[in-house]
Structure formats: C-alpha cells, structure tokens
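This is what each chain is made of:
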Amino acid sequence: MSESRLQARLQEVLPTGTAYELRHRTAYRVHERVAERYVAGRVLLAGDAAHVSHPLGGMGMNGGLHDAINLAARLAAVCRGEPVATLGRYERQRRQAALGLVQDGVLRRRRNRRDPAARAAYHAGLRATEQDPARHRAHLLQASMIRSLHELEAVA
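Residues numbered from 1 in each chain as written. Predicted model: local features only at pLDDT ≥ 70, side-chain atom pairs only at ≥ 80, totals over all residues. Heavy atoms only, no water.

J.: I'm lost on the overall build of the protein chain in this one. Help?
T.: The number of helices and strands found in the protein chain is seven helices and four strands. Beginning at the N terminus, the succession of helices and strands in the protein chain can be written as α-β-β-β-β-α-α-α-α-α-α. Counting all 156 residues of the protein chain, 25% fall into the buried class. A separation of at least 24 residues holds for 50% of the contacts in the protein chain among residues at least 6 apart in sequence. Counting every atom, the protein chain has about 10,800 Å² of accessible surface; 58% of that belongs to carbon and sulfur. (Helix = DSSP H or I, 4+ residues; strand = E, 2+ residues; numbered from the N terminus. Buried < 20%, exposed > 50% of the residue type's maximum accessible area, 1.4 Å probe, protein only. Contact = heavy atoms within 4.5 Å. Areas by Shrake-Rupley, 256 points an atom, 1.4 Å probe, with all protein chains shown as cover.)

Right, here's the structure in full:
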C-alpha cells in the first residue's frame, strides 16, 4: 500500500511517465463464504446472496449464472405441479458446487503464488494446455464451470 509500490503498479498497467494522483487506497479483503441454506420456505438464495468468492476468473459471476439457470428450471417444475421439495435439489447441487470452489483452495493458491518459478511453471502449463486440443477443451469446461453441471446432475 506504499505510495511508491502503488505508483509502480499503476505504471505497469498504463505507463504515463508522471505520477498518478491517488485519492483513496484501501486493501481489498477477500471474502469466501457459502450460505448454509439456499432454500428456506419461500426464500431462495442465488448468486452473491448464496456464495461469495474472490473475483479472480469471474467464478462468482459464473456461479451466479449457473445458480439462476438451475433455480429457474426447478421453479418451472414446481409451477408445473412438481412438489416444492424439488427446490431441495437446487440447494444440494449449487451449494456443493460453491463449496467446491471456495473450499478446494485452488484459486486461492493461484492468487497467492509469489514464487517466480512457480508462476512461470503455472503459465508454461497453461501454454501447453492451449496447444493440446483435448486438454484445452477440458480446461475450458472446468474453468467455465460447465463440467460441474454434468457432475452435479448425479446429485439427487
């Protein structure tokens, strides 16, 4: 949070050759939480109301979209006469997905990686993944959380 460090970082993003005017600075605190319940009577939680993760990679947004799609399908089923208990499947599937994202720590470890050699190895692995069509597809399915949709269909 030092003036010199912030100026250096800003110059890395958009070099101007002159100092930026810093009007406010604060450390961003990463919150990672998952609600205990997604369904309680007539109250339904989805997106950031149900789970919060750090912003790396847009997983919070992707998770919220997946929640909305899953919940809409369950609500439509209830409107067509399925029992209200159908919403329990939404809670089980989406909560498990959110817990996997928050608790597995992969994104947290990636975010906190400081060792230049470890960062270089990670980026080299990404480049190798990009060159292999099968690995590239598998990575995209994982990163977009699409794979979790298929895996969670087995969750009753």
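J.: In this structure, what is going on with the packing of helix 5 (residues 116-131) against helix 6 (residues 133-143)? I would like to understand it.
T.: Packed helix pairs are characterised by how far apart their axes lie and by the angle those axes make with each other. Packing of helix 5 against helix 6 brings their axes to within 5 Å, and their N-to-C directions diverge by 115°. As judged from the angle between their axes, helix 5 and helix 6 are roughly perpendicular. Only P133, R135, H136 and H139 of helix 6 make contact with helix 5, whose side of the interface consists of G125, L126, A128, T129, E130 and Q131. A per-class count over the contact of helix 5 with helix 6 returns three nonpolar, five polar and two charged. (Axes fitted to C-alpha atoms, helices over the stretch in contact; angles between N-to-C directions. Parallel < 35°, antiparallel > 145°, perpendicular 65-115°, else oblique. Nonpolar A, V, L, I, M, F, W, Y, C, P; charged D, E, K, R; others polar.)

J.: Teacher, can you tell me more about the pattern of salt bridges here?
T.: Here the idea is simple: oppositely charged side chains can pair when their charged atoms come close. Tallying each qualifying case throughout the model produces five salt bridges. Between R9 and E12 there is a salt bridge, with its nearest N and O atoms 3.9 Å apart. Separated by three residues within a single helix, R9 and E12 lie in helix 1 (residues 3-13), roughly one turn from each other. A salt bridge links D67 to R94, with the shortest nitrogen-to-oxygen separation between them at 2.7 Å. Of this pair, D67 sits in helix 2 (residues 59-79) while R94 sits in helix 3 (residues 87-103), and the two are 27 residues apart along the sequence. Owing to a relative accessible area of 2%, R94 belongs among the buried residues under this scheme. (Salt bridge = Lys/Arg side-chain N within 4 Å of Asp/Glu carboxyl O.)

J.: Any chance you could explain helix 6 here in plain terms?
T.: In an α-helix, one turn spans 3.6 residues; hence positions three or four apart end up facing the same way. Sitting at the head of helix 6, D132 places a side-chain oxygen 3.0 Å from the backbone nitrogen of A134. Just beyond helix 6, the residue with positive phi is M145, at close to 70°. (Polar contact = N/O pair within 3.5 Å; in protein donor to acceptor, adjacent residues only side chain to side chain.)

Keep in mind these numbers describe shape, not what the thing actually does.
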